[in-house]
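Chain by chain, the residues run as shown.
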Amino acid sequence: MPDGAQALRAVAALEAKWIALNSGVERPQPFAYVNSATQLPTCLPENSFDIIIAGGSLGLLAGVALARRGLRVMLFDRDRVGAAHREWNISERELESLSRWGIFTREELASTIATRYTRGLIAFHPEGTGVPYCPLATHGVLDVALDAQSVLDLARKRFLQAGGTILEGYSFKKLYRVQPASSPQSVVALDGPNGTQTYAARLVIDTMGAVSPIAMGLNDGLPFDGICPTAGTILEGLHGDTSTGDVLVSVAPVQDGRQLIWEGFPGKSDETTVYLFYYDSTGKQKARNQSLLALFEQYFTLLPTYRSQSEGTRHLKPVFGYIPARHGRTGRTSARGLICLGDSAAGQSPLTFCGFGSFVRHIGRVAYLLHYALEHDLLEERHLRMISPHQVNLRVAWVFSRFMQPRPGDPASVNRLMNIFCRALGEIGPGTTRRFLQDRYTFAEYMRIMLTTARLHPDVVPQTARVLGLDGLAAWAGDIAYFGADDVLQRLSTAMGARRWRRLERAAGRISPALALRLKSMRTAWRALR
């Protein structure tokens, strides 16, 4: 492939980093604490900002949303800011949120679309399952393929036009923070071309991804407990229907103890982006078996079993990574003057792993709330926790990802359950299916999905108990209760009407800005899921 040797080194380096972090061999110590703001390292006036963003990919989109609000924003990355490392698929509705919040215009976004496909497909191999084969057609799910580099080039241009500052070739070294019960002011030390330099900010945003040292420092280790090792390529000349995108597809039972799953999305011209991945948990015993290099070997070996190739098929670019998620309520995503976004917060669904769509869906509201928090000095962890984009309905989604990991001794377990689940979604209808796969499902829809699945396959109830155990069942029940309570509040807000709710926000703001922030957070979170 073009630049294949460089890409191979990047894959090997990420794998080594993952193994070291996941096994506990390497434990980041990103924070240095001082007793008062006067003891922070000295920074030049021109090196002081409202916000510093660590990470120049999705962080660049956050930078645009924040800089447009008049905030002084600096963004750094160890490589080029705005370099695309993978392609992005999204739904039209999610993409529109970028124009709805005024981050880009509709015309600008239209210029970044590589292609659209007509329908998506979820299909799981039926051999040995003992249940009917139930492929599921989807519409409006990951059906817009973006040219990621075009999106980032546009974002970089808009960020600089809004007064943002970019530092390239700067690696994170240390985050200096004031001890509790004092100023949220932070100083970030960066290693750059001219040695170590320091920059001050009222708020630091971490978008450095799944192996972010800041996120791991916040959690004294990994900030998540679910993982999808992913390998694939962008290909040219692959056979197949370019009007269909494969959302989740398996073509075999369990292989090497894993249920391998394929995704394939049409791209620009004759290109197709294909991913191979599997669901797994984190842990010291698992790390060395989660090799990206080994997964790439399987990818190239098994690709013909997924899609046929012509003589002129060419692999243009590798796509790879460790996609994180939570199997419950684990992990901190904020602290005083610090918030994690994107993969470092693992805020996307642990089933569909639509991280880009989740980020885009929330970035407008996150920027709006962070601006309010900065205006009113609401930068404690309890305040920033309200702004985190992790959705209430995703508190229950971790159960699905548990079932995507095969049961020992039953190589058809995942395929069996997913055929049953696809049958349930097909019976319920396309509207609920679309909202489920877009992570927008309501409490009533969630309960209907669960009850329909149990009706179609009563054995799923004892199977759930075996997979989750007593502690897992208790946690799941608590998450369902929390989801239900939030649904009641949302219904009350709908009954009040948008104008009354906003008047309540304004009244609360005169008494307690923190209460107003909570009300704004609830309103905008509900709106993002409509």
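Up top you'll find the structure we're talking about.
Worth saying up front: this structure is predicted, and the values here are computed from it rather than measured.

Quick notes on the rules
Numbering of residues begins from 1 in every chain and follows the order in which that chain's sequence is written. Since the coordinates come from a predicted model, pLDDT governs what is reported: local features require at least 70, and pairs of side-chain atoms require 80 or more to be given and counted, while whole-chain, interface and lining totals use all residues. Working from all heavy atoms in the structure, the side-chain values ignore hydrogens and water. Counting from the N terminus, the helices are DSSP H or I runs at least four residues long and the strands are E runs at least two residues long. Between the two quantities, the radius of gyration covers C-alpha atoms and the globule rule is 2.2 Å times the number of residues to the power 0.38. With a 1.4 Å probe rolled over the protein chains alone, any residue whose accessible area is under 20% of its type maximum counts as buried; one over 50% counts as exposed, and the rest are partly exposed. Residue contacts are defined here by distance: any two heavy atoms, one from each residue, within 4.5 Å place the two residues in contact. What sets the accessible areas is the Shrake-Rupley method with a 1.4 Å probe; for residues, cover comes only from the shown protein chains. His is not counted here, nor are the chain ends, while Lys and Arg score as positive and Asp and Glu score as negative. For charged residues, the charge sits on one atom: NZ in Lys, CZ in Arg, CG in Asp, CD in Glu. Two strands pair if DSSP finds at least two bridges between them. Detection works on a 1 Å grid of protein atoms alone, calling trapped sets that fit a 1.4 Å probe cavities and calling open sets with protein on both sides within 12 Å along at least five of seven lines pockets, with lining residues defined by an atom within 4 Å of a point. Grid points are joined across faces, edges and corners, and a volume is the space filled by probe spheres set on the points. Under the convention adopted here, Pro, Cys and the residues Ala, Val, Leu, Ile, Met, Phe, Trp and Tyr are nonpolar, Asp, Glu, Lys and Arg are charged, and Gly plus all remaining residues are polar. For Phe, Tyr and Trp, where Trp contributes only its six-membered ring, two rings pair if their centres lie within 6.5 Å, and the inter-plane angle classes them as stacked under 30 degrees, edge-to-face over 60, or tilted in between. In this scheme, the term charge over a ring applies when either NZ of a lysine or CZ of an arginine sits within 6 Å of the ring centre and within 35 degrees of the ring normal. Side-chain atoms within 4.5 Å are what join buried Ala, Val, Leu, Ile, Met, Phe, Trp, Tyr and Cys residues into a set we call a nonpolar core. Expected span of a helix: the number of residues minus one, times 1.5 Å. Salt bridge criterion: a side-chain nitrogen from Lys or Arg within 4 Å of a carboxyl oxygen from Asp or Glu. Here an angle of 0 to 180 degrees is reported between the N-to-C directions of two axes, which are lines fitted to C-alpha atoms, with helices fitted over the stretch in contact. Angles below 35 degrees are treated as roughly parallel, those above 145 as roughly antiparallel, those between 65 and 115 as roughly perpendicular, and all remaining angles as oblique. Each crossing gets its handedness from the near helix: less than a right angle anticlockwise from the far helix is left-handed, clockwise is right-handed.

Engineer: Looking at this structure, I do not really get the overall build of the protein. What am I missing?
Structural biologist: Along its length, the protein carries 16 helices and 20 strands. The C-alpha radius of gyration of the protein comes to 23 Å, within 12% of the 24 Å expected for a compact globule of 530 residues. Along the longest, intermediate and shortest principal axes, the C-alpha atoms of the protein span 70 × 60 × 50 Å. Counting every position in the protein, which comprises 530 residues, the buried fraction comes to 58%. The contacts in the protein between residues at least 6 apart in sequence include a share of 75% that link residues at least 24 apart. Just so you have it, the protein exposes about 21,700 Å², and 52% of that area is on carbon and sulfur atoms. Within the protein, the 47 negative side-chain charges are centred at a point lying 8 Å from the centre of the 60 positive side-chain charges.

Engineer: Whenever I open this one, the pairing of strand β16 (residues 271-277) confuses me. Can you help?
Structural biologist: Successive side chains on a regular strand alternate, one facing one side of the sheet and the next facing the other. Along β16, seven of the seven residues are buried, which leaves the element largely enclosed by surrounding structure. As paired elements, strand β13 (residues 226-238) and β16 share seven bridges and run antiparallel to each other. Residue E236 lies in a different strand from β16, and its bridge partner there is E271. Sheet topology places strand β15 (residues 261-266) next to β16; six bridges connect them, and they run antiparallel. When the sheet's bridge partners are listed, E263 is paired in β16 with Y275.

Engineer: Would you mind showing me how to read empty space enclosed by the protein here?
Structural biologist: Evaluation of the coordinates by the stated rule reveals six cavities of 30 Å³ or more. Of the volumes computed, that of the largest cavity is approximately 50 Å³. By residue number, the principal contributor to the lining of the largest cavity is helix α16 (residues 513-528), which donates three residues. Of the residues belonging to the lining of the largest cavity, the class tally is two nonpolar, one polar and three charged.

Engineer: What is the right way to look at the packing of aromatic side chains in this model?
Structural biologist: One pair of aromatic rings is described through two measures. These are the centre distance and the angle between the planes. Tallying each qualifying case throughout the model produces 22 aromatic pairs. With a centroid separation of 4.8 Å and an interplanar angle of 20 degrees, the aromatic rings of W18 and Y322 are classed as stacked. Here W18, found in helix α1 (residues 4-22), pairs with Y322, found in strand β18 (residues 309-325); they are 304 residues apart in sequence, far enough to count as distant. The exposure classification of W18 matches that of Y322, with both residues buried. Seen from their ring centres, F31 and Y33 are 6.2 Å apart, and the 55 degrees between their planes marks the pair as tilted. Owing to a relative accessible area of 14%, F31 belongs among the buried residues under this scheme. Taken together, the ring pairs connect F400, F421, F436, Y441, F443, Y446 and F483 into an aromatic cluster. In this structure, K520 packs its charged tip against the face of Y372, placed 5.1 Å from the ring centre. The aromatic ring of W101 is capped on one face by R527, whose charged end is 5.6 Å from the ring centroid.

Engineer: Help me out: how do you make sense of the nonpolar core in this one?
Structural biologist: One broad trend across soluble globular proteins is that nonpolar side chains are buried collectively. If you look at the biggest cluster of nonpolar residues, it comprises 60 residues, and the most contacted ones within it are I51, L66, L146, I205 and I387. Every residue in contact with I205, bar those within four places of it in the chain, is listed here: I51, I52, I53, A54, L66, I339, L341 and L370. V141, L394, F400 and I428 belong to the second-largest nonpolar core, a separate cluster that totals 45 residues.

Engineer: How should α16 be read in this particular structure?
Structural biologist: Along an α-helix, residues three or four positions apart point the same way, because every turn accommodates 3.6 residues. Over its 16 residues, α16 runs 22 Å from end to end, which matches the ideal 22 Å to within 8%, given 1.5 Å per residue. Looking only at α16, the buried set comprises A516, L517, L519, K520, S521, M522, R523, T524, W526 and A528.

Engineer: In this structure, what is going on with the environment of M418? I would like to understand it.
Structural biologist: Mapped onto the elements of the fold, M418 is located in helix α11 (residues 413-428). In sequence terms M418 and E87 are 331 residues apart; their C-alpha atoms lie 26 Å from each other. Residues contacting M418, with those up to four places away along its chain left out, are F124 and M404.

Engineer: Looking at this structure, how should I read the pattern of salt bridges?
Structural biologist: Side chains bearing opposite charge may pair, as long as their charged atoms lie close to each other. In this structure the tally under the stated criterion is 21 salt bridges. One salt bridge in this structure joins D280 and K286, with 3.1 Å as the shortest N-O distance. For K286, a relative accessible area of 33% translates into the label partly exposed. As a salt-bridge pair, R455 and E427 come within 2.1 Å of each other at their nearest N and O atoms. Linking R455 in helix α13 (residues 443-456) with E427 in helix α11, this pair joins segments that are 28 residues apart in sequence. By relative accessible area, E427 is classed as partly exposed at 43%. Taken together, the salt bridges that share partners define one network made up of R332, E381 and R385.

Engineer: Would you mind showing me how to read the packing of α11 against α13 here?
Structural biologist: Between two packed helices, what matters for the description is the angle formed by their axes and the separation of those axes. Two elements in contact, α11 and α13, have axes separated by 9 Å at closest approach and are oriented at 120 degrees. In terms of their interaxial angle, α11 and α13 are classed as oblique. Regarding α11 and α13, the two cross each other, and that crossing is right-handed. Two secondary-structure elements touch here, α11 through I420, F421, R423, A424, L425, E427 and I428 and α13 through R448, I449, M450, T452, T453, R455 and L456. Of the residues belonging to the contact of α11 with α13, the class tally is eight nonpolar, two polar and four charged.

Engineer: Would you take a moment to explain the sheet that holds strand β4 (residues 88-90) for this structure?
Structural biologist: Paired through their backbone hydrogen bonds, the strands of a sheet run either parallel or antiparallel. If you walk across this open sheet you meet the three strands as β4-β8-β5, and the pairing is antiparallel. Two strands in the sheet have a free side with no partner beyond their single neighbour: β4 and β5 (113-116). Here the strands of the sheet are splayed against their neighbours by 25 degrees on average, with no regard to which way each runs. In the sheet, β5 pairs with strand β8 (residues 144-146) via three bridges, with the strands oriented antiparallel.

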